[in-house]
Amino acid sequence: MSQINKLKIFNDPIYGFISIPNALIYDLIQHSYFQRLRRISQMGLSYLVYPGANHTRFHHAIGCMHLMQKAVDNLRFKGTKISPQEENALYIAILLHDIGHGPFSHAMERSIVEDVHHEAISLLFMNQLNVEFNGQLTLAIQVFKGEYNRKFMLQLISSQLDMDRMDYLKRDSFYSGVSEGNVNSERLIQMMNVVDDVLVIEEKGIYSVEKFLMSRRLMYWQVYLHKTSLVAELILTKILKRAKELTQKGVHLPCSAPLTFFMENKVTITTFDAETLDLFAQLDDFDIISALKSWQKQDDFILSSLSKMIVNRDLLKIKLTSEKVTIEELQPLKERFATANNISLLETNYFIFNGKIKNQAYSKEAEPIRILNKDKTIEDVVDASDQLNLKSLSKSVTKYYSCFPKQLL
């Protein structure tokens, strides 16, 4: 195929036409590892709350690459020297930053794959692709790992104001219909500059940054930590844990070969070899949904009951409070449920449980968002802002949840 045939465009509902910058990026997008992202939902089970939220990690990755193109153009225009190799590294790193996500994103990390985070799997994929593409991803991997000497390049990929956050807030807001998340990414990128190899936002962009941080906070409470999405993800995590438990006791559960592998084996980052990676690359949302449909008919009361909850959207009741819920408070519910369904008290933990969620729109501990004042001084956005609410946005807010079957009400 000629190089010219590879300079395709995507029609994106958010940004309009997105162009593929070169043949290497085209080949990476065409790779089966990347195409798999078409089958991984961006917002997990949030479509159970927001019916339009069916967009995928593929959409998001392409959108991030588009924003990175805009950022590179703007920074070059303002005099920051970015070589063609560095430019390409930025495109590759942002394009592949989420390639390690499993089906329904975080539920996998907490159940089937033991504490192996998607960032670590993304890096495994990038290393494998680097072998296949004869070392053309080496610089991108250095940038992604924070090992490259130009700090602003990592900040564009992973920071408190990066292309990733800018795209997912705008995109998730669009597809969920929650307008509070609609950030002005165009304006934010136009306000970016680089001083001493560090990313800064020019002073006149401070209100756009404030709006961005406020949007992030609202999107977390309204969408990402919405109590129905939360309980659905918790149930899915419990289902996968139960399925793994049964499989390891020798119970045969109908599901795809890649999913069976991850249920039969304890997979950690040290045992994640090329063969395991290849099996992981075959996993997507369809494996999970297909398994849930089969598991509804299993003899195991726990697995079948929980699977029906997700398939039929008949979920556990979830209550959010500002006060911590103790296990003792849930004990009477556990005893009633155990007796009614002839299961042990230990097994009621699959149906009755508690925990907490945190929301912090801006962290003072992490790399700050730096504002470049007109007098050339640089300060943290919280100090530069005259908005009192930015101070409160940097405080962590904790809410406590308890979940239990509706019939116990």
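### Overview of the overall build of the protein
Scanning the protein from terminus to terminus reveals 19 helices and 9 strands. On C-alpha atoms alone, the protein measures out to a radius of gyration of 23 Å, which is about the 22 Å that the 2.2 N^0.38 rule sets for 409 residues. The proportion of buried residues among the 409 residues of the protein is 56%. In the form shown here, the protein has an accessible surface area of approximately 18,300 Å², with 51% of it arising from carbon and sulfur atoms. Of the side chains in the protein, 48 bear a positive and 47 a negative charge, and the two mean positions are spaced by 5 Å.

### Overview of the sheet that holds strand β3 (residues 192–195)
Strand order in the open sheet formed by 4 strands is β3-β4-β7-β8, and the pairing between neighbours is mixed. Edge strands, defined here as strands with exactly one partner in the open sheet, are β3 and β8 (378–380). Across the sheet, the axes of successive neighbouring strands diverge by a mean angle of 45°, strand direction being ignored.

### Digging into the side chain of R57
You can see R57 is positioned in helix α3 (residues 57–77). Engagement of the side chain of R57 in a polar contact is seen with the backbone oxygen of Q42, the distance being 3.3 Å. If we ignore the near neighbours within four places in the chain, the residues touching R57 are L37, I40, S41, Q42, D98, H101 and S105.

### A few points about the packing of α3 against helix α4 (residues 84–95)
Viewed as axis vectors pointing N to C, α3 and α4 meet at an angle of 155°, and their least axial separation amounts to 8 Å. Between α3 and α4, the angle falls in the class roughly antiparallel. At the point where α3 passes α4, the crossing takes the right-handed sense. Residues A61, I62, C64, M65, M68, Q69, V72 and R76 of α3 form the contact with α4, whose participating residues are P84, E87, L90, Y91, I94 and L95.

### Remarks on the environment of T348
Its location among the elements puts T348 in the loop between α17 (327–341) and β6 (353–359). Under the relative-accessibility criterion, T348 is labelled buried at 0%. Distance from T348 to F404, taken between C-alpha atoms, is 9.4 Å for residues 56 residues apart in sequence. For T348, the contacting residues outside a window of four places in its chain are K334, F337, A338 and I343. For T348, the side chain forms a polar contact with the main-chain oxygen of L345, separated by 2.4 Å.

### Let's talk about the sheet that holds strand β9 (residues 397–404)
Taking strand neighbours across the sheet as the criterion, the 3 strands line up as β5-β9-β6 in an open arrangement whose pairing is antiparallel. One side of each edge strand has no neighbouring strand; the edge strands of this open sheet are β5 (317–321) and β6. Strand-to-strand twist of the sheet, defined as the mean angle between neighbouring strand axes without regard to direction, takes the value 25°. Of the pairings in the sheet, the one linking β6 to β9 comprises 7 bridges and is antiparallel in character. Looking at the pairing, N354 lines up with S402 of β9.

Thresholds, definitions, all that
- Residues numbered from 1 in each chain as written.
- Predicted model: local features only at pLDDT ≥ 70, side-chain atom pairs only at ≥ 80, totals over all residues.
- Heavy atoms only, no water.
- Helix = DSSP H or I, 4+ residues; strand = E, 2+ residues; numbered from the N terminus.
- Rg over C-alpha atoms; globule rule 2.2 N^0.38 Å.
- Buried < 20%, exposed > 50% of the residue type's maximum accessible area, 1.4 Å probe, protein only.
- Areas by Shrake-Rupley, 256 points an atom, 1.4 Å probe, with all protein chains shown as cover.
- Lys, Arg positive; Asp, Glu negative; His and termini not counted.
- Charge placed at Lys NZ, Arg CZ, Asp CG, Glu CD.
- Pairing = 2+ DSSP bridges.
- Axes fitted to C-alpha atoms, helices over the stretch in contact; angles between N-to-C directions.
- Polar contact = N/O pair within 3.5 Å; in protein donor to acceptor, adjacent residues only side chain to side chain.
- Contact = heavy atoms within 4.5 Å.
- Parallel < 35°, antiparallel > 145°, perpendicular 65-115°, else oblique.
- Left-handed = near helix turned anticlockwise from the far one by under 90°.

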